[in-house]
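Summary of structural features
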Amino acid sequence: MIGLPTRHIRILVQWSVFLLWVALLWATHHPMDSWIAKKIPVSILLRIDPLVTTVVCGGMRMGIQILMLGFVTMLVSMLLGRVFCGWVCPLGATFDFYGWFLRKLNAKFEGPSPKWYRLKFYLLLAILIFAALGGVSPLMGFDPLVLITRVAAVVLYPFARKNHEFIWTVGSPPGFYGYFIDMATLAVFGAIMYGTTKLSRIWCRTTCPLGAYLGLLGRNAILRRDTQGCVHCNICSSHCPTGAINYENAEIYNESECIKCFACSEECPVDANFFTLKSPFPAVSRSQHPVSLERRQLLATAAFTVLAAPALNLHAGETKSNKRLLRPPMSREEHDFLSSCIRCAECMKACPTGVLKPAGLQHGLRALWSPVLVPTEGFCQEGCSACSQACPTDAITKYDIADKYKFKIGTAFLESGRCISYTENKFCSECVRACPTDAIQVKKGWEPPGASLKHLPPGSGSVATGASEKPAPEGQVPTRPIHVDFDRCVGCGACEYQCNQIVFGEPAMVTTTFGRAIATQLDKKN
């Protein structure tokens, strides 16, 4: 018999896991040298997510070694039910804390689940069908661990990264790229919390695909509720955070909805609610009514998903945007990348320069929320492999720093019609200095006193020695870039980022996906 003390143990475990999640999230940044980042994989909670394991391994048609812990969670769920939801999930901990706060305000937010609580099962079916057809759909962004991680990465953390850029001033770039997706994530989370104000854990009850998956796995769990001595006061029904207990007969409950929080055990005035080990068969009994789904709706969902699947591959947005679809270094081939990326934004959180942004619809529906490099807002920093270390699914493969420039992200091109050394006859070598691989060739000419072509990473010094406000003397041509060496350029975006700080309008250096994943021909490893 598991009684009142067990709920206290659950809360202790739940908040310990939540604090671990916060600590790991805080440690997810370059250079990943904190004690906790060295001892524990920063994406460990995403790696033990069984839905992530199923979808990625299914989409890739292969086992992913770092996701094998997800099978352990599956086994635990089959034996004990949805304990992951009540004991481990950080989004669930957020809901429980918010519920505690609402109780302090005497808010009425508990009650039976709405009739459409089965929605999460149909959403789960769509996600699994998309995976079976060879890809991770943007619907995976509704997995609770993926969702709350993305909220932290692209809604909260940018305030810490750019806390001096809250107020836009005339003459400064607006930096709007990706902000819509950030606001979309915020809107989704805000809507969830608003719904939780009306009904406890409404996300877990109605929409959470992971909860649906665990509910199906735990349909025949051996840890079950017993109500011997029930006086039908229905106090347990009114305090169940997921509406698992029937409101008309408190002895009946839905095993697929029970998260083993033991709130019913604590609230019962006659100690008639307790959990014990029982035979898992049959799944349906006088007191246990697992969720049942309508065949017609299942078939309709499956048919709609199969018909909608080709739409994921349709192009949407601006013409030829695929030329600017830059992926993080050492990412998998595009099809495999989209079959393994779960849109958690861990890589965006880890990136020290903020060059990684969530993709919008301009790259197609299937790429929505996946990470892309936006060189006008950042650059891929030398000596950094934080995104690969943070990735929970190996969509960005693990690599040594020495191998970072072994394969290209893309290739930069010079648009001389936008370069001030051509249009204004001024000396400017900022792109040359920013390049970490000496890929930009120059033609020597006039140079102002103190001018330098020495390598200087973006953001590490003044542009005073790399550019001049005065044009070259009449009849002379300044030293200027003339060509980008394809074999040496790695597509890091440093030249475009630095150029964007100087040139009004579009930068003269443009980074494209041309040459992606082709081996470089560098004289030395960087």
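This text goes with the structure placed above it.
A few points on the structure. This one's a predicted model, so the numbers in the text were calculated from it and none came from an experiment.

What about the packing of helix H4 (residues 50-60) against helix H5 (residues 69-80)?
Axis separation between H4 and H5 bottoms out at 8 Å; the angle between their running directions is 125°. Comparing their axes, H5 and H4 come out oblique. Of the two elements, H4 crosses H5, and the hand of that crossing is left-handed. Across from Pro50, Thr53 and Thr54 in H4, the residues of H5 making contact are Gly70, Phe71, Thr73 and Met74.

Points about a nonpolar patch on the surface
Together, Phe97, Trp100, Phe101 and Leu105 give the surface a local cluster of nonpolar side chains, amounting to about 440 Å² of exposed area. With respect to the helices and strands, the residue Trp100 is situated in helix H7 (residues 90-104).

Side note on helix H12 (residues 209-217)
The buried count for H12 comes to seven of nine residues, which makes it a mostly enclosed element. For H12, the full list of buried residues reads Pro209, Leu210, Gly211, Ala212, Tyr213, Leu214 and Gly215.

Remarks on the packing of aromatic side chains
Applying the stated rule across the entire model yields 11 aromatic pairs. Summarising the aromatic geometry, the rings of Trp87 and Phe262 are spaced 6.2 Å apart at their centres and angled 90° between planes, so their arrangement reads as edge-to-face. Linking Trp87 in helix H6 (residues 83-87) with Phe262 in the loop between helix H13 (235-239) and helix H14 (263-267), this pair joins segments that are 175 residues apart in sequence. Classification of Trp87 by relative accessible area gives buried; the value is 18%. Centre to centre, the rings of Phe262 and Phe275 are 5.0 Å apart; their planes meet at 75°, and the pair counts as edge-to-face. One end of the pair, Phe262, is in the loop between H13 and H14; the other, Phe275, is in strand S2 (residues 274-277), and 13 residues separate them in sequence. The same class applies to Phe262 and to Phe275, which are both buried.

Quick look at the pattern of salt bridges
Inspection of the entire model under this criterion finds 16 salt bridges. Salt-bridge contacts for Glu110 lead to Arg103; the nearest nitrogen and oxygen are separated by 2.9 Å. For Glu110, a relative accessible area of 29% corresponds to the partly exposed category. Note that Glu496 and Arg324 form a salt bridge whose closest N and O atoms lie 2.7 Å from each other. Here the residue Glu496 occupies a position in helix H21 (residues 494-500), and Arg324 occupies one in the loop between helix H15 (295-308) and helix H16 (334-340), the gap between them amounting to 172 residues. What makes Glu496 buried here is its relative accessible area of 1%. Residue Arg324 is classed as partly exposed on the basis of its relative accessible area of 29%.

Focus: the packing of H5 against H12
Viewed as axis vectors pointing N to C, H5 and H12 meet at an angle of 60°, and their least axial separation amounts to 7 Å. When the axes of H5 and H12 are compared, the pair comes out oblique. Across from Met74, Ser77 and Met78 in H5, the residues of H12 making contact are Tyr213, Leu214 and Leu217. Looking at side-chain class alone, the contact of H5 with H12 contains five nonpolar, one polar and no charged residues.

Observations regarding the nonpolar core
The nonpolar side chains of soluble globular proteins are, as a tendency, buried together. Core analysis: the biggest nonpolar cluster contains 105 residues, and Leu45, Phe84, Leu91, Met140, Ile342 and Leu356 have the highest contact counts within it. Among the elements that line this core, the one with the most residues is helix H9 (residues 144-161), at nine residues. Filtering out sequence-adjacent residues up to four positions away, Leu91 remains in contact with Pro144, Leu147, Ile148, Phe189 and Trp203. Ala412, Cys419, Cys495 and Val503 belong to the second largest nonpolar core, which has 16 residues in total.

Focus on the environment of Cys204
Mapped onto the fold, Cys204 is located in helix H11 (residues 202-206). Residues Cys204 and Thr242 lie 38 residues apart in sequence; the distance between their C-alpha atoms is 7.0 Å. If sequence neighbours within four positions are ignored, Cys204 has contacts with Arg82, Phe95 and Lys120.

What to know about the side chain of Thr353
Inspection of the secondary structure assignment puts Thr353 in the loop between helix H17 (346-350) and strand S3 (356-358). A relative accessible area of 14% means that Thr353 is categorised as buried. Within the structure, Thr353 has its side chain in polar contact with the backbone oxygen of Phe379 (distance 2.5 Å).

Side note on the pairing of strand S10 (residues 509-512)
Burial along S10 is two-sided: Met509 and Thr511 and Val510 and Thr512, pointing in opposite directions, are all buried. Two strands pair when backbone bridges link them, and strand S5 (residues 411-414) and S10 are joined in this way by four bridges, in the antiparallel orientation. From the neighbouring strand, Leu414 faces S10, where its bridge partner is Met509.

Topic: H5
For H5, built from 12 residues, the straight-helix expectation of 16 Å at 1.5 Å per residue is met to within 8% by its first-to-last C-alpha distance of 17 Å. For H5, the full list of buried residues reads Gly70, Thr73, Met74 and Ser77. Down the axis of H5, the sector holding all buried residues measures 105°, keeping them to one side. Residues of H5 that are buried make contact with helix H3 (44-47), H4, H6 and H12. At the C-terminal side of H5, Gly81 shows a positive phi close to 90°.

Some words on the environment of Pro352
By the secondary structure assignment, Pro352 is in the loop between H17 and S3. We classify Pro352 as partly exposed; its relative accessible area is 34%. Taking C-alpha positions, Pro352 is 8.2 Å from Ala386, a pair spaced 34 residues apart along the chain.

Concerning the environment of Leu119
Tracing the chain through its elements places Leu119 in helix H8 (residues 119-132). Residues Leu119 and Cys208, 89 residues apart in the sequence, show an inter-C-alpha distance of 8.7 Å. Beyond its immediate stretch of four places on either side in the chain, Leu119 contacts Thr206 and Thr207.

About the criteria used
- Residues numbered from 1 in each chain as written.
- Predicted model: local features only at pLDDT ≥ 70, side-chain atom pairs only at ≥ 80, totals over all residues.
- Heavy atoms only, no water.
- Axes fitted to C-alpha atoms, helices over the stretch in contact; angles between N-to-C directions.
- Helix = DSSP H or I, 4+ residues; strand = E, 2+ residues; numbered from the N terminus.
- Parallel < 35°, antiparallel > 145°, perpendicular 65-115°, else oblique.
- Left-handed = near helix turned anticlockwise from the far one by under 90°.
- Contact = heavy atoms within 4.5 Å.
- Patch = residues over 30% accessible without salt bridge, like charges linked within 9 Å, V, L, I, M, F, W, Y side chains within 5 Å.
- Areas by Shrake-Rupley, 256 points an atom, 1.4 Å probe, with all protein chains shown as cover.
- Salt bridge = Lys/Arg side-chain N within 4 Å of Asp/Glu carboxyl O.
- Buried < 20%, exposed > 50% of the residue type's maximum accessible area, 1.4 Å probe, protein only.
- Phe/Tyr/Trp six-rings, centres within 6.5 Å; stacked < 30°, edge-to-face > 60°.
- Nonpolar A, V, L, I, M, F, W, Y, C, P; charged D, E, K, R; others polar.
- Core = buried A, V, L, I, M, F, W, Y, C linked by side-chain atoms within 4.5 Å.
- Polar contact = N/O pair within 3.5 Å; in protein donor to acceptor, adjacent residues only side chain to side chain.
- Pairing = 2+ DSSP bridges.
- Expected span 1.5 Å × (residues − 1).
- Arc of directions from axis to C-beta.

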